[in-house]
Amino acid sequence: MTWIEALILGLIQGLTEFLPVSSSGHLELGKYLLGVESEKSLAFTVVVHGATVLSTIIVFRKDLAGLFKGLFEFKWNESWKFASLILLSMIPVLVVGLFFADFVESFFTGNIRFVGLMLLVTASLLTFTYLKKSNKRSIGFADAFVIGLAQAVAVLPGISRSGATISTGLMLGNKRELVAKFSFLMVLIPIIGANLLDLIKNDPAEATGVPALSMIIGFVAAFVSGLFACKWMIGIVQKGRLIYFALYCFLIGSLAIVLSF
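Residues numbered from 1 in each chain as written. Predicted model: local features only at pLDDT ≥ 70, side-chain atom pairs only at ≥ 80, totals over all residues. Heavy atoms only, no water.

A. Region of interest: the overall build of the protein chain. Scanning the protein chain from N- to C-terminus turns up 13 helices and 0 strands. Scaling as 2.2 N^0.38, a compact globule of 261 residues should have a C-alpha radius of gyration of about 18 Å, and the protein chain matches this with 18 Å. Projecting the C-alpha coordinates of the protein chain onto the three principal axes gives extents of approximately 50 × 40 × 35 Å. Buried positions account for 51% of the 261 residues belonging to the protein chain. Only carbon and sulfur atoms are counted for the fraction: they give 72% of the accessible area of the protein chain, which is about 12,800 Å². For the protein chain, the separation between the mean place of its 20 positive charges and that of its 15 negative charges on side chains is 16 Å. (Helix = DSSP H or I, 4+ residues; strand = E, 2+ residues; numbered from the N terminus. Rg over C-alpha atoms; globule rule 2.2 N^0.38 Å. Buried < 20%, exposed > 50% of the residue type's maximum accessible area, 1.4 Å probe, protein only. Areas by Shrake-Rupley, 256 points an atom, 1.4 Å probe, with all protein chains shown as cover. Lys, Arg positive; Asp, Glu negative; His and termini not counted. Charge placed at Lys NZ, Arg CZ, Asp CG, Glu CD.)

Set out below in structure tokens:
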């Protein structure tokens with residue numbers, strides 16, 4: 001992988017991790033167009049995912065600091081409730097990771113037709129949020145589990161994780177700002193855990209196949225673009241402008257399907 005390819009893929013990961021357009025789907029499309037072999041870029045994928053995790057922590061550093069402060073009071077309060085909601089939302093994706101990992105990995109083979117179809121699914125989900133006008137409820141335990149189910153489905157390339165979780169929360173009637181915050185924070189532990197498992201399960205020799213310079217450039221590109229995209233996405237959700245991303249996913253998904261023939 002050249003440094004140019006690393007820069008492009010890092011930017012793609014950073015922007016699409018937070019925007020509701022599927023980072024996994026765009027990474028697969030990017031690798032396909034650049035001719036990068038997916039099975040030889042495991043370490044790079046782990047690095048750029050780590051960069052977006054770091055950008056999430058930076059953006060929500062005050063919220064996380066307040067959360068941990070509340071947890072150390074060792075009594076039931078808003079921090080413990082929010083942490084419980086996060087843990088509950090992680091159960092579906094944990095089940096998928098433990099029992100269906102090989103099945104999910106079978107979709108990450110450069111099959112851009114499948115990616116295109118799943119992008120159309122993302123477009124549909126985002127369109128449904130346009131029809132939902134009332135969002136006044138706080139996230140409850142049932143809501144958290146349903147949002148977690150949406151995250152579990154979004155492990156498929158082409159279904160946007162943020163798009164699926166945010167649109168599900170909005171369709172449930174949850175507050176827009178709270179849904180965005182919950183969506184971005186609920187993924188931190190699953191991403192870190194999934195990346196560690198990937199490195200443990202795979203041959204360490206494959207994890208060093210990408211040049212160090214490409215790794216660094218990819219990390220920086222994903223981190224900087226992730227900071228921008230995360231802050232931008234919070235504003236977009238609050239203003240209810242997800243319909244534009246629905247149109248984008250429809251166009252890119254349709255293009256991917258056409259290119260697959």
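Text resumes after the structure shown.
B. Unusual backbone geometry, seen in detail. Of note in the backbone geometry, Phe74 takes a positive phi value of approximately 55° without being a glycine. The exposure class assigned to Phe74 is exposed, which follows from its relative accessible area of 64%.

C. Focus on empty space enclosed by the protein. One pass over the structure, following the stated rule, counts 1 cavity of 30 Å³ or more. Quantified by volume, the largest cavity comes out at close to 40 Å³. For the largest cavity, the full set of lining residues is Glu17, Phe18, Thr52, Val53, Thr56, Val187, Leu188 and Ile191. Of all the elements in the fold, those that place two or more residues in the lining of the largest cavity are helix H1 (3-18), helix H3 (42-59) and helix H11 (188-201). Sorting elements by how many residues they give to the lining of the largest cavity places H3 first, with 3 residues. (1 Å grid on protein atoms, 1.4 Å probe; cavity = no way out; pocket = protein on both sides within 12 Å on 5 of 7 lines; lining within 4 Å. Points joined across faces, edges and corners; volume = space filled by probe spheres on them.)

D. Structural view of the layout of surface pockets. Considered as a void within the structure, the second largest pocket measures approximately 310 Å³ in volume. If you list the elements that add at least two residues to the lining of the second largest pocket, you get helix H4 (61-71), helix H5 (78-99) and H11. Grouping the constituent residues of the lining of the second largest pocket by class yields 14 nonpolar, no polar and no charged. (Nonpolar A, V, L, I, M, F, W, Y, C, P; charged D, E, K, R; others polar.)

E. Up close: the confidence of the model for the protein chain. Looking at the protein chain, pLDDT values average 85 and 92% of them are 70 or higher. Ranking the elements of the protein chain by mean pLDDT puts H11 last with 75 and helix H8 (residues 141-153) first with 94. (pLDDT = per-residue confidence, 0-100.)

F. Expanded view of the packing of aromatic side chains. One pass over the structure, following the stated rule, counts 6 aromatic pairs. On the numbers, 5.8 Å between centres and 90° between planes, the contact of Phe82 with Phe182 is edge-to-face. Residue Phe82 is located in helix H5, and its partner Phe182 is located in helix H10 (residues 176-185); the two are separated by 100 residues in the primary sequence. The pair formed by Phe82 and Phe182 is uniform in burial state, with each residue classed as buried. (Phe/Tyr/Trp six-rings, centres within 6.5 Å; stacked < 30°, edge-to-face > 60°.)

G. Region of the structure containing the nonpolar core. Core analysis: the biggest nonpolar cluster contains 60 residues, and Ile166, Phe182, Phe184, Met233 and Leu242 have the highest contact counts within it. In terms of residue count, helix H12 (residues 212-239) provides more of this core than any other element does, 10 residues in total. Setting aside its immediate chain neighbours within four residues, Phe184 contacts Phe18, Thr56, Phe60, Arg161, Ser162, Ile166, Cys230, Met233 and Ile234. (Core = buried A, V, L, I, M, F, W, Y, C linked by side-chain atoms within 4.5 Å. Contact = heavy atoms within 4.5 Å.)

H. Just H12, in detail. Over its 28 residues, H12 runs 40 Å from end to end, which matches the ideal 40 Å to within 8%, given 1.5 Å per residue. Positive phi appears at Gly240, one or two residues downstream of H12, with a value of about 70°. (Expected span 1.5 Å × (residues − 1).)

I. Quick peek at the pattern of salt bridges. As enumerated under the stated definition, the model contains 2 salt bridges in all. Across the pair Asp63 and Lys181 runs a salt bridge, and its minimum N-O distance is 3.2 Å. Residue Asp63 is located in helix H4, and its partner Lys181 is located in helix H10; the two are separated by 118 residues in the primary sequence. Overall, the relative accessible area of 24% leaves Lys181 in the partly exposed class. (Salt bridge = Lys/Arg side-chain N within 4 Å of Asp/Glu carboxyl O.)

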